[in-house]
Amino acid sequence: MAVIRDYYNGLCHITVHDDYITHDPAEIQKIIDRVSQIVINEEFRRYIQSREGKEEPPA
């Protein structure tokens, strides 16, 4: 398991390993769908907070 990318996105430390490169396309799509759902949920939470006047300071 080699690290192919290591970076920060705001306060989030992201490390990408080569584990998932050799998986079948269906499994890769399942991972992409799960990550996409997490991002959508977070963006919706931020939208609701901004509508309620409880906007977080930018990271």
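This is a predicted model, so every value here is computed, not measured.

The rules behind the values
Residues numbered from 1 in each chain as written. Predicted model: local features only at pLDDT ≥ 70, side-chain atom pairs only at ≥ 80, totals over all residues. Heavy atoms only, no water. Helix = DSSP H or I, 4+ residues; strand = E, 2+ residues; numbered from the N terminus. Polar contact = N/O pair within 3.5 Å; in protein donor to acceptor, adjacent residues only side chain to side chain. Pairing = 2+ DSSP bridges. Expected span 1.5 Å × (residues − 1). Phe/Tyr/Trp six-rings, centres within 6.5 Å; stacked < 30°, edge-to-face > 60°. Lys NZ or Arg CZ within 6 Å of the ring centre and 35° of its normal. Salt bridge = Lys/Arg side-chain N within 4 Å of Asp/Glu carboxyl O. Buried < 20%, exposed > 50% of the residue type's maximum accessible area, 1.4 Å probe, protein only.

Engineer: It is not clear to me how the environment of Q29 should be interpreted in this structure. Could you clarify?
Structural biologist: Among the structural elements, Q29 can be located in helix α1 (residues 25-51). In terms of polar contacts, Q29 uses its side chain to reach the side chain of D33, at 2.8 Å.

Engineer: I would appreciate a short explanation of the pairing of strand β2 (residues 12-17) in the present structure.
Structural biologist: Within a regular beta strand, the side chains point alternately toward one face of the sheet and then the other, so they alternate between its two faces. Pairing of strand β1 (residues 3-9) with β2, which is carried by six bridges, proceeds in the antiparallel orientation. Counted as the bridge partner of D6 is T15 from β2. Where β1 hands over to β2, the hairpin turn is made up of two residues, of which G10 adopts a positive phi near 65°.

Engineer: Before we go on, may I ask you to explain α1 in this structure?
Structural biologist: For the α-helix, the turn length of 3.6 residues means that residues three or four positions removed from each other point alike. Under the 1.5 Å per step criterion, the end-to-end length of α1 is 39 Å for 27 residues, consistent within 8% with the ideal 39 Å. Between the side-chain oxygen of the N-cap and the backbone nitrogen of A26 there are 3.1 Å, and the N-cap of α1 in question is D24. In the stretch just after α1, G53 is the one whose phi turns positive, near 80°.

Engineer: I'm lost on the packing of aromatic side chains in this one. Help?
Structural biologist: Geometry of an aromatic ring pair is reported as the spacing of the ring centres plus the angle between the planes. Under the definition given, this model contains zero aromatic pairs. The ring of Y7 is capped by R5, whose NZ or CZ atom sits 4.3 Å from the centre of that ring.

Engineer: Explanation requested: the pattern of salt bridges in the structure shown.
Structural biologist: Pairs may arise between side chains of opposite charge once their charged atoms sit close together. Counted by the stated rule, this structure contains two salt bridges. The partner of E42 in a salt bridge is R46, with the nearest N and O atoms 3.2 Å apart. Of this pair, E42 and R46 both sit in helix α1, separated by four residues, roughly a single helical turn. With relative accessibility at 27%, the residue E42 sits in the partly exposed group. Among the charged side chains, a network of salt bridges with common partners joins E42, R45 and R46.

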